[in-house]
Amino acid sequence: MVNSPSGGHSARTPGPALAAVGIGTFTMAMDGSAVNAMLPVIGPSLQASFQTMQWLLLSYTLTLTALLLPGGRLGDAWGHKRTYLAGAGLFVLGALACAFAPSAAWLITARVAQGCGTAQAVAVMPALLTEAFPASQRGQALGAGGAFTYLGLMAGPTVGGLLTESFGWRSLFLMSALTGLGLTLLANRVLEHGSTSMPGDGGGVRGFFALFRIRAFTMAAISSGLHYMAVFGDRFKLPFYLI
């Protein structure tokens, strides 16, 4: 990574990095939430029961949640850019497998692959933005990254419903695969290989955790966590009803 003399951040304009990472997380979040609106159509299409379709939701959510911390650790050891590109690539392959799934078991397996890729990409997003932006703009960049995620979650059911009604449920996964492929190529061009700890200004992981000293950032992070638990917490109770 090329560091500036004063800021320790990349000499490139950080805007394209925000676009590549932000739109990538938007696509993954939209894909994740859109499946909720498509279940009534996917089930009969694959001759799957209601219980099986619930596992379609759980397979993605549980995989994503379980692999977030390992994904962050992988980014520290292997490099944030490599981890993000690998996660985005796995997401694309999983989306293609979903689009051509011949059975419910195939579809659930492909959703597990998508969950693995999403976990890798989302886990390193804060570190990528922290490395790309100077210290004075990191709070705004991380806030914008979170906004992309929640916009994707909100847009997912609407987009999924429209695509399913117009072109069939497989079209959502094809769109996710094509969009993800384009964003992976963009990320490969605009993101730079960087260390997890940049000298001079406490960048990387240490710089990210230093942001929790800012009260507004800390409250926003707690609010996001509570929102996630409120929206997705009920899914973690489903296995007890399905056994």
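Source: prediction; values computed, not measured.

Enquirer: Would you explain the overall build of the chain in this entry?
Expert: Check the secondary structure of the chain and you find nine helices and zero strands. In the chain, which comprises 243 residues, the proportion classed as buried is 46%. The long-range fraction of contacts in the chain, counting pairs at least 24 apart against all pairs at least 6 apart in sequence, stands at 82%. When the accessible surface of the chain is split by element, carbon and sulfur atoms take 69% of a total near 11,700 Å².

Enquirer: Hey, could you run me through the packing of aromatic side chains in this one?
Expert: The description of an aromatic ring pair rests on the distance of the ring centres and on the angle between the ring planes. The full count for this structure, using the stated rule, is one aromatic pair. When the ring centre of Tyr-60 is taken as reference, the NZ or CZ atom of Arg-111 above it lies at 4.2 Å.

Enquirer: Teacher, can you tell me more about helix 4 (residues 104-132) here?
Expert: Within an α-helix, residues lying three or four positions from one another point in the same direction, as the helix has 3.6 residues per turn. For helix 4, built from 29 residues, the straight-helix expectation of 42 Å at 1.5 Å per residue is met to within 8% by its first-to-last C-alpha distance of 41 Å. At Met-125, helix 4 is bent by approximately 40°, the largest bend along its length, and proline Pro-126 sits one to four residues beyond. With 21 of its 29 residues buried, helix 4 lies for the most part within the structure.

Enquirer: Is there a simple way to think about the nonpolar core in this case?
Expert: One broad trend across soluble globular proteins is that nonpolar side chains are buried collectively. Residues Met-38, Ile-42, Met-53, Leu-56, Leu-107, Trp-169 and Phe-173 are the most contacted members of the largest nonpolar core, which totals 21 residues. Those elements giving two or more residues to this core turn out to be helix 1 (15-46), helix 2 (50-78), helix 3 (80-99), helix 4 and helix 6 (170-190). For this core, the element with the highest residue contribution is helix 1, accounting for six residues.

Enquirer: Please explain helix 1 as it appears in this structure.
Expert: Met-38 marks where helix 1 bends most, by close to 65°; the proline Pro-40 follows one to four residues later. Positioned one or two residues after helix 1, Gln-47 has a phi angle of 55°, which is positive.

Enquirer: How should a nonpolar patch on the surface be read in this particular structure?
Expert: On the surface, a cluster of nonpolar side chains totalling about 390 Å² of accessible area is made up of Leu-93, Leu-96, Phe-100 and Leu-174. Residue placement: Leu-93 occurs in helix 3. With relative accessibility at 56%, the residue Leu-93 sits in the exposed group.

Enquirer: Looking at this structure, how should I read the packing of helix 2 against helix 3?
Expert: Describing two packed helices takes the angle between their axes plus the distance from one axis to the other. Closest axis-to-axis distance for the helix 2/helix 3 pair is 7 Å, and the angle between their directions is 130°. As the angle between them shows, helix 2 and helix 3 are arranged oblique. Contacts from Gly-71, Leu-74, Gly-75, Asp-76 and Trp-78 of helix 2 reach helix 3 at His-80, Arg-82, Thr-83 and Ala-86. Classifying every residue of the contact of helix 2 with helix 3 by side-chain character gives three nonpolar, four polar and two charged.

Enquirer: What's the story with the pattern of salt bridges in this structure? I'm lost.
Expert: Side-chain pairs of opposite charge can arise whenever the charged atoms involved come near each other. Across all of its chains, the model carries one salt bridge by this definition. A salt bridge links Asp-31 to Arg-111; the shortest N-O distance between them is 2.7 Å. Residue Asp-31 is found in helix 1, and its partner Arg-111 is found in helix 4; the two are separated by 80 residues along the sequence. This pair shows no difference in class: Asp-31 is buried, exactly as Arg-111 is.

Enquirer: Help me out: how do you make sense of the packing of helix 1 against helix 3 in this one?
Expert: Running from N to C, helix 1 and helix 3 cross one another at 35°; their axes reach a closest spacing of 12 Å. Where helix 1 crosses over helix 3, the two elements pack in a sense that is left-handed. For the pair formed by helix 1 and helix 3, the contact residues are Ala-20, Val-21, Gly-24, Thr-27, Met-28 and Asp-31 on the first element and Tyr-84, Ala-88 and Phe-91 on the second. By residue class, the composition of the contact of helix 1 with helix 3 is six nonpolar, two polar and one charged.

Enquirer: Mind showing me how you'd approach the environment of Met-175 here?
Expert: Looking at the secondary structure, you find Met-175 in helix 6. In this structure, Met-175 is in contact with Met-30, Val-159 and Leu-163, ignoring residues within four places of it in sequence.

Enquirer: Would you explain the environment of Thr-65 in this entry?
Expert: Among the structural elements, Thr-65 can be located in helix 2. The class of Thr-65 is partly exposed, set by a relative accessible area of 32%. Put simply, Thr-65 and Thr-118 are 53 residues apart on the chain and 9.9 Å apart in space, counted from C-alpha to C-alpha. Of the polar contacts made by the side chain of Thr-65, one reaches the backbone oxygen of Thr-61; its length is 2.8 Å.

Enquirer: Please explain the side chain of Thr-164 as it appears in this structure.
Expert: Its place among the elements puts Thr-164 in helix 5 (residues 138-167). From its side chain, Thr-164 meets the backbone oxygen of Gly-160 in a polar contact 2.7 Å long. Ignoring sequence-local partners within four residues, the contact set of Thr-164 consists of Met-38, Val-41 and Trp-169.

Rules behind the numbers
Residues numbered from 1 in each chain as written. Predicted model: local features only at pLDDT ≥ 70, side-chain atom pairs only at ≥ 80, totals over all residues. Heavy atoms only, no water. Helix = DSSP H or I, 4+ residues; strand = E, 2+ residues; numbered from the N terminus. Buried < 20%, exposed > 50% of the residue type's maximum accessible area, 1.4 Å probe, protein only. Contact = heavy atoms within 4.5 Å. Areas by Shrake-Rupley, 256 points an atom, 1.4 Å probe, with all protein chains shown as cover. Phe/Tyr/Trp six-rings, centres within 6.5 Å; stacked < 30°, edge-to-face > 60°. Lys NZ or Arg CZ within 6 Å of the ring centre and 35° of its normal. Expected span 1.5 Å × (residues − 1). Bend = angle between axes of the 7 residues up to and from the residue. Core = buried A, V, L, I, M, F, W, Y, C linked by side-chain atoms within 4.5 Å. Patch = residues over 30% accessible without salt bridge, like charges linked within 9 Å, V, L, I, M, F, W, Y side chains within 5 Å. Salt bridge = Lys/Arg side-chain N within 4 Å of Asp/Glu carboxyl O. Axes fitted to C-alpha atoms, helices over the stretch in contact; angles between N-to-C directions. Parallel < 35°, antiparallel > 145°, perpendicular 65-115°, else oblique. Nonpolar A, V, L, I, M, F, W, Y, C, P; charged D, E, K, R; others polar. Left-handed = near helix turned anticlockwise from the far one by under 90°. Polar contact = N/O pair within 3.5 Å; in protein donor to acceptor, adjacent residues only side chain to side chain.

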